[in-house]
Amino acid sequence: MKNRIVAMVALLTVAMGTGGCVTVSPEHEGAAKGAGIGAATGAIAGAVLAGEGSRTKGVLIGGLAGALLGGVIGNYTVDQKKSAEETTTKYDYKQSDGTVVRIESTQMTPIILNQGETVKLEATYAIMAPSSENQVSVTESREVTLNGELVANPEITVQRSSGTYTSSIPLMLPADAKTGTYKVITTIRTATGKDARQSSFTVK
């Protein structure tokens, strides 16, 4: 079973050193404040558009700075790869375990690219809850750094039922993106736990 969810993301870029701020609609205001959006980083804000019958909703927020300022964060997508039953069987999950999150893999596609091209920040993870019908609040974040400096931090909080999901956020690099190896720390967290994994891509 696959459910495809697309977030149409509006990019609001603010030049380094300016005093402008991102404007966020009232229903998304709390999430934006929680992310600590700053005027110097540029910011994004977009709602998840769920398919018919889906209860998964969220807002994508974050920013671009430094080496990636002027780039674009594209449409967030997610596919359900395994059902609740398949996922809990794989991990020998028991209800007494509570809510569990496990990152199975992260992947940057492609891992080597040129300035101005697009890299997909992908993650496959499992969510398990005591009731397969329960909706769990899940936050996906990707922190992208170059030489130890944070240059991108897209984050989305959504509601998930138990299962295994693969999500992707396209990052379209500016034509003058700095060359080098960018590290990406992907973190999937719930109210009771989290899992993280590091990967990388190289701009040549």
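Residues numbered from 1 in each chain as written. Predicted model: local features only at pLDDT ≥ 70, side-chain atom pairs only at ≥ 80, totals over all residues. Heavy atoms only, no water.

> Tell me about the overall build of the protein, and name the residues and values.
Each helix and strand counted, the protein has two helices and 15 strands in total. Burial status across the protein gives 44% buried among its 204 residues. Taking contacts inside the protein between residues at least 6 apart in sequence as the whole, the part at least 24 apart equals 71%. Element-wise, carbon and sulfur atoms account for 49% of the exposed surface of the protein, whose accessible area totals about 9,900 Å². (Helix = DSSP H or I, 4+ residues; strand = E, 2+ residues; numbered from the N terminus. Buried < 20%, exposed > 50% of the residue type's maximum accessible area, 1.4 Å probe, protein only. Contact = heavy atoms within 4.5 Å. Areas by Shrake-Rupley, 256 points an atom, 1.4 Å probe, with all protein chains shown as cover.)

> Could you give an account of the nonpolar core, naming the residues involved and the relevant values?
By size, the foremost hydrophobic cluster in this structure holds 34 residues, and its most contacted members are Leu68, Val144, Leu171, Tyr182 and Phe201. Counting the residues that make up this core, at least three belong to each of domain 1 (25-74) and domain 2 (76-203). In this structure, leucine 68 is in contact with Val144, Val151, Ala152, Leu171, Leu173, Pro174, Ala177 and Tyr182, ignoring residues within four places of it in sequence. (Core = buried A, V, L, I, M, F, W, Y, C linked by side-chain atoms within 4.5 Å. Domains from an automatic or database assignment.)

> With reference to specific residues and values, describe the pattern of salt bridges.
Under the definition given, this model contains five salt bridges. Note that glutamate 104 and lysine 90 form a salt bridge whose closest N and O atoms lie 3.0 Å from each other. Of the two residues, glutamate 104 sits in strand S7 (residues 100-109) while lysine 90 sits in helix H2 (residues 84-90), which places them 14 residues apart along the sequence. Relative accessible area serves as the criterion here: at 47%, lysine 90 is assigned to the partly exposed category. In this structure, aspartate 92 and lysine 94 form a salt bridge, with 3.5 Å as the shortest nitrogen-oxygen distance. What you see here is one network of salt bridges that share partners, running through Glu140, Arg142 and Arg160. (Salt bridge = Lys/Arg side-chain N within 4 Å of Asp/Glu carboxyl O.)

> Can you tell me about the confidence of the model for the protein, naming the residues and giving the values?
On average, residues of the protein score 77 in pLDDT, and 71% of them reach the 70 mark or higher. Strand S8 (residues 112-113) holds the highest mean pLDDT among the elements of the protein, 98, whereas helix H1 (residues 29-35) holds the lowest, 34. Here residues 1-43 is modelled with pLDDT under 50, and outside its nearest four sequence neighbours on either side it reaches 94 contacts, counting other chains as well. Confidence drops under pLDDT 50 across residues 45-55; counting only partners more than four residues distant or on other chains, this segment forms 30 contacts. (pLDDT = per-residue confidence, 0-100.)

> Any details on the pairing of strand S6 (residues 76-82)? Residues and values, ideally.
It is a general feature of regular strands that their side chains alternate between the two faces of the sheet. The buried fraction of S6 amounts to five of the seven residues, a majority that puts the element mostly inside the structure. Where S6 and strand S13 (residues 163-172) come together, five bridges link them in antiparallel fashion. Across the sheet, the residue bridging to glutamine 80 is tyrosine 165, located in S13. (Pairing = 2+ DSSP bridges.)

> Could you give an account of the pairing of strand S4 (residues 59-62), naming the residues involved and the relevant values?
Side-chain alternation along S4 places Val59 and Ile61 on one buried face and Leu60 and Gly62 on a second face that is also buried. Across three bridges, S4 lies against strand S12 (residues 155-160) in antiparallel orientation. Residue pairing in the sheet places valine 59 in a bridge with threonine 157 of S12.

> With reference to specific residues and values, describe the environment of tyrosine 93.
Take tyrosine 93: it is sitting in the loop between H2 and S7. Here tyrosine 93 falls in the buried class, since its relative accessible area comes to 13%. A sequence separation of 36 residues divides tyrosine 93 from alanine 129, and the C-alpha atoms of the two residues are 9.0 Å apart. In terms of polar contacts, tyrosine 93 uses its side chain to reach the backbone carbonyl oxygen of glycine 98, at 2.3 Å. (Polar contact = N/O pair within 3.5 Å; in protein donor to acceptor, adjacent residues only side chain to side chain.)

> How would you summarise the packing of aromatic side chains if you had to cite specific residues and measurements?
Evaluation of the coordinates by the stated rule reveals two aromatic pairs. Taking the centre distance of 6.2 Å and the plane angle of 35° together, the rings of tyrosine 125 and tyrosine 165 count as tilted. Here tyrosine 165 lies in strand S13 and tyrosine 125 lies in strand S9 (residues 118-128), a separation of 40 residues in the sequence. Tyrosine 165 shares its class with tyrosine 125; the two are buried. (Phe/Tyr/Trp six-rings, centres within 6.5 Å; stacked < 30°, edge-to-face > 60°.)

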